[in-house]
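# Summary of structural features
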Amino acid sequence: MTKIIEVLPDKGALVSRALALVKEKIETAIASHGYSTIALAGGSTPKPLYEALSKETLPWDKIHVFWGDERYVPCDHPDSNENMARQAWLNQVPIPPQNIHAMPTRAQDPQQDAETHDTHLRQFFGESSGEFPAFDIILLGMGDDGHTASLFPHTEALAVGDRRVTVGNKDGQPRLTFTVPLINEARCVIFLVAGANKINALTQVFAPEGDSKAYPSRLIAPKGELWWLLDEAAGGSINT
């Protein structure tokens, strides 16, 4: 794993750096194997990045978009990560509908939908049942509790090692989420973290030793590159 930590002056600079990095990784992937796979994060921090991507001219037919986690709500719900990304980005560009691989949330059964999406990933990437595909880019955020995707502290999802997608739990509310081993197969993982409320969690995540069950972002150690893009408020006092 190659780990890079960059502290940017403010959130605007963070978004600009993320945009340049994502474009670079998309181009690298397409040059390497003809298409690019990117898994998106929810939350407020990546939204300006998606808005910036909507203004770019990219080979949209060669880009496949996934989500690293999803709230268990309909896709048109205000809390839906898919809905946010569509409004900010995907509805604004000519990306083929079949290149958008949203997590299903309509079965009234989170476990069934997790298994459905797990199967979809296996079939899309052409992996056998025991293998984990390598995404070109996985975007992640981090909560002030140290969670990432829908991998929350002291929840069962942290220990799932035999599936690509599982059911996360946020205060009793189910969510769908990539598993730790799937994330860790990625060629490039990019954390986008902004705000002074993240300082304590970052300190725990970056500590040489610590409790990964309490701060799940510690579990993210991809085989490829791990980028932490922080704004000054979040990362300015972090000893890296």
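Quick summary incoming for the structure in this document. Because the structure is a prediction, the values reported are computed rather than measured. (Residues numbered from 1 in each chain as written. Predicted model: local features only at pLDDT ≥ 70, side-chain atom pairs only at ≥ 80, totals over all residues. Heavy atoms only, no water.)

### Quick notes on the sheet that holds strand β6 (residues 165-170)
As a reminder, the rule being used: Note on pairing: two strands pair once DSSP finds at least 2 bridges between them. Segments assigned H or I by DSSP are reported as helices when at least four residues long, segments assigned E as strands when at least two residues long, and all are numbered from the N terminus. Only the contacting stretch of a helix is used when fitting its axis, a line to C-alpha atoms as for every element, and angles between N-to-C directions run 0 to 180 degrees.
A sheet is described by the order of its strands in space; here three strands give the open sequence β4-β7-β6, paired in antiparallel fashion. Where the open sheet ends on each side, the last strands, each with one partner, are β4 (69-71) and β6. Between one strand and the next, the sheet's axes are offset by a mean angle of 30°, whatever the strand orientation. Relative to strand β7 (residues 173-178), β6 runs antiparallel, the two being bridged by six bridges. Bridge assignment links Asn169 to a residue of β7, and that residue is Pro174.

### Some thoughts on the packing of aromatic side chains
Keep this limit in mind: In summary, the pairing rule links any two rings of Phe, Tyr or Trp, Trp by its six-membered ring, whose centres are within 6.5 Å, and it sorts them by plane angle into stacked for under 30 degrees, edge-to-face for over 60 and tilted for everything else. Throughout, exposure labels follow a simple rule: accessible area from a 1.4 Å probe, protein chains only, divided by the maximum for the residue type, with under 20% read as buried, over 50% as exposed, and the rest as partly exposed.
A full pass over the atoms with the stated rule returns 11 aromatic pairs. A ring pair is formed by Tyr35 and Phe124, whose centres lie 6.3 Å apart and whose planes are at 90°; its orientation type is edge-to-face. Residue Tyr35 is found in the loop between α1 (11-33) and β2 (36-40), and its partner Phe124 is found in helix α4 (residues 110-125); the two are separated by 89 residues along the sequence. Given the relative accessible area of 30%, Tyr35 is considered partly exposed. By relative accessible area, Phe124 is classed as partly exposed at 25%. Seen from their ring centres, Phe206 and Trp228 are 4.9 Å apart, and the 85° between their planes marks the pair as edge-to-face. Of this pair, Phe206 sits in helix α6 (residues 199-206) while Trp228 sits in strand β9 (residues 225-231), and the two are 22 residues apart along the sequence.

### Examining the nonpolar core
Rule in force here: For this analysis, a nonpolar core means a set of buried residues of the types Ala, Val, Leu, Ile, Met, Phe, Trp, Tyr and Cys, connected via side-chain atoms within 4.5 Å. The contact criterion used throughout is that any non-hydrogen atoms of two residues lie within 4.5 Å.
Ranked by internal contacts, the top residues of the largest apolar core, which has 38 residues, are Phe135, Ile138, Phe178, Val189, Phe191, Leu202 and Trp228. Secondary structure elements with two or more residues in this core: α4, β5 (137-140), β7, α5 (180-183), β8 (188-193), α6 and β9. Per-element accounting of this core gives the leading share, four residues, to α6. Each residue touching Leu202, except ones within four places of it in the same chain, is listed here: Met142, Val193, Trp228, Leu230, Ala234 and Ile238. Val15, Val22, Leu90 and Ala194 belong to the second largest nonpolar core, which has 37 residues in total.

### Overview of the pattern of salt bridges
Going by this rule: When a carboxyl oxygen of Asp or Glu is within 4 Å of a side-chain nitrogen of Lys or Arg, the pair counts as a salt bridge.
Applying the stated rule across the entire model yields 11 salt bridges. Of the charged contacts in the structure, one is a salt bridge between Arg187 and Asp136, with a shortest N-O distance of 2.8 Å. With Arg187 in the loop between α5 and β8 and Asp136 in the loop between α4 and β5, the pair connects residues that are 51 residues apart, well separated along the chain. Salt bridges sharing partners connect three or more residues here, namely Glu24, Lys25 and Glu225.

### Looking at the sheet that holds strand β3 (residues 63-67)
Taken in spatial order, the six strands of this open sheet run β1-β9-β8-β5-β2-β3, and their pairing is parallel. Here the strands that pair on one side only, and so sit at the sheet edges, are β1 (2-8) and β3. Sheet twist, expressed as the mean angle between neighbouring strand axes with direction ignored, is 15°. Here α4 sits on the sheet in contact with β2 and β3, set at roughly 160° to β3.

### Quick word on unusual backbone geometry
A positive phi is found at His154, a non-glycine position, where the angle reads about 55°. Among the structural elements, His154 can be located in the loop between β5 and β6. Here Asp171, not a glycine, exhibits a phi torsion of approximately 55°, which is positive. In this fold, Asp171 is placed in the loop between β6 and β7.

Nothing here speaks to function; it is all geometry.
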